[in-house]
Structure formats: structure tokens, C-alpha cells
Amino acid sequence: MSVTDDGARLSLEQPISRGDRVRDALQEAILNGTLKQGSPLVERELSARLGVSKTPIREALKQLRSSGLVVANSYQGMSVRTLDAATVRDVSGARAAVEPAAVRMAVELREPGPQPSARRALAEAQALLAADQPAQLGLINRRFHRDLYAACGNELMIDFLDKLQAMNAFIATAGWRADATPSDSEWDEHTAVLDAFEAGDADQAAGLLRDHIERSAAGVLRALEQSDLS
């Protein structure tokens, strides 16, 4: 909050930019498979499809490249990332090394008790499972995980894990599409992690989370071997 020379208050709150809205639309299209893996992202074509100028398209693609969902291709253009086993192993390995430690710290810093925002995310995830909406489910799961690890208070760990979340959602939704629909085991595993988190059991929460990350990655790797995830 700031004031002008005559003392009138000005709010620092800003509306979401058009570039951010375009980024969100493109991200959902990538996660739900509308924009398929490996497909070129031509600014002119995206501009026409979304009804915006090329400037917010360019801004959005830059953000999506930073998140890992979009890659530069050999023709100096952009394309949707193609998922491969190395990417799955890299992302899951990084998460397994850092996220359980962050959740352990979070549990140790707080008193045992409810984590309402994570409970709400679980409830929303259950509804999306029933509705077969994997892209939206991936984003809700992203919020669930962040509700837990962000309580660790370590900004470097939080920033690192935040940067992995878009790629994790990409990997998860690609795996779910290969298996036709996300399974209830994902929700069950999240519930077990949250139960331990709320009970103040740091070892149990961290261990269950690490198992969950590794089990999810193994499922996607199996799907990669058996089918085309694009």
C-alpha cells in the first residue's frame, strides 16, 4: 500500500495480466492433451485461437519454457515438451530428495492439528476423480503438495519445489491419460500423508510422501514402456 502526494491511498493489488491468463490457458491445454506433446507452438496460430495479440502469447511461452512444459526446437521456435523416461526420473528424483525433507521440517515446526487447505484440496481431488478431469486434478494435486511443503519455512526449498510442480503435473496427467483415468490410490496415498502430517508424525509423513513420489514415477515409467503417452 502506498499514498500519493495528496494522501489518497492506492492499492498495490494488481489484476492478473493477460500474459498470465494466456499462460494458464496454454498450460491447461498442454496438461489435458489439447496441445499434444511435441506439437509446435506458433505465435500466429495461438494468437488466432485465443483471440489475443502475439505479445501475451510470447510472454506466456517464455513462462512455460521456464517451467519446463515448453522447449525450444531446432528451428528457433517453441514446442510442447515430449515426455521421456529421463525427464520422469530427473523430476521424481529431485522431488524425492527435497520434498520429503521439506514436509518433515514443516511437521516439526507446527503443532499437531488440522491442515484445512490441504483437506479442501483432497475433497476437490476426489470430486475430480469421479468426473474424470485429469488436467484439473493435476493442478489440485499441485496445490495439495504445496500446502504441505510450503509450511517448512525454507524459501529456497519452497522455490525449488515450486519450479518442479508444473513438470510434475505434466508427468502425472500424461500417465493418467495412458491408464485411461487416475486411480483412487493417488487419493488414498495423499490422505495417508496428510493424516500423518496432521498427527505430527514427521517420520511417517516424510516416508509416505517419498514412497508416493517413487510409486507414481514407477507407474508413469511403466506406461511409457507400454504405450504412447503423447
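Residues numbered from 1 in each chain as written. Predicted model: local features only at pLDDT ≥ 70, side-chain atom pairs only at ≥ 80, totals over all residues. Heavy atoms only, no water.

Novice: So what exactly am I meant to see when it comes to the overall build of the chain here?
Specialist: A count of helices and strands for the chain gives nine helices and five strands. In sequence order, the secondary structure elements of the chain are arranged as β-β-α-β-α-α-β-β-α-α-α-α-α-α. Split into buried and exposed, the 230 residues of the chain put 43% on the buried side. Look at the contacts in the chain between residues 6 or more apart in sequence, and 72% of them connect residues 24 or more apart. Total accessible area on the chain stands at roughly 12100 Å², and carbon and sulfur atoms take up 50% of it. (Helix = DSSP H or I, 4+ residues; strand = E, 2+ residues; numbered from the N terminus. Buried < 20%, exposed > 50% of the residue type's maximum accessible area, 1.4 Å probe, protein only. Contact = heavy atoms within 4.5 Å. Areas by Shrake-Rupley, 256 points an atom, 1.4 Å probe, with all protein chains shown as cover.)

Novice: Sorry, what's going on with the sheet that holds strand β4 (residues 70-72) here?
Specialist: Two pairing modes exist for strands in a sheet, parallel and antiparallel, and in both the strands are linked by backbone hydrogen bonds. In spatial order, the strands read β3-β5-β4; together these three strands make up an open sheet with antiparallel pairing. In this open sheet, the two edge strands, each paired with only one partner strand, are β3 (40-41) and β4. Strand direction decides the pairing type here: β4 and strand β5 (residues 78-80), joined by three bridges, are antiparallel. Considered in β5, the bridge of Val70 is made with Val80. (Pairing = 2+ DSSP bridges.)

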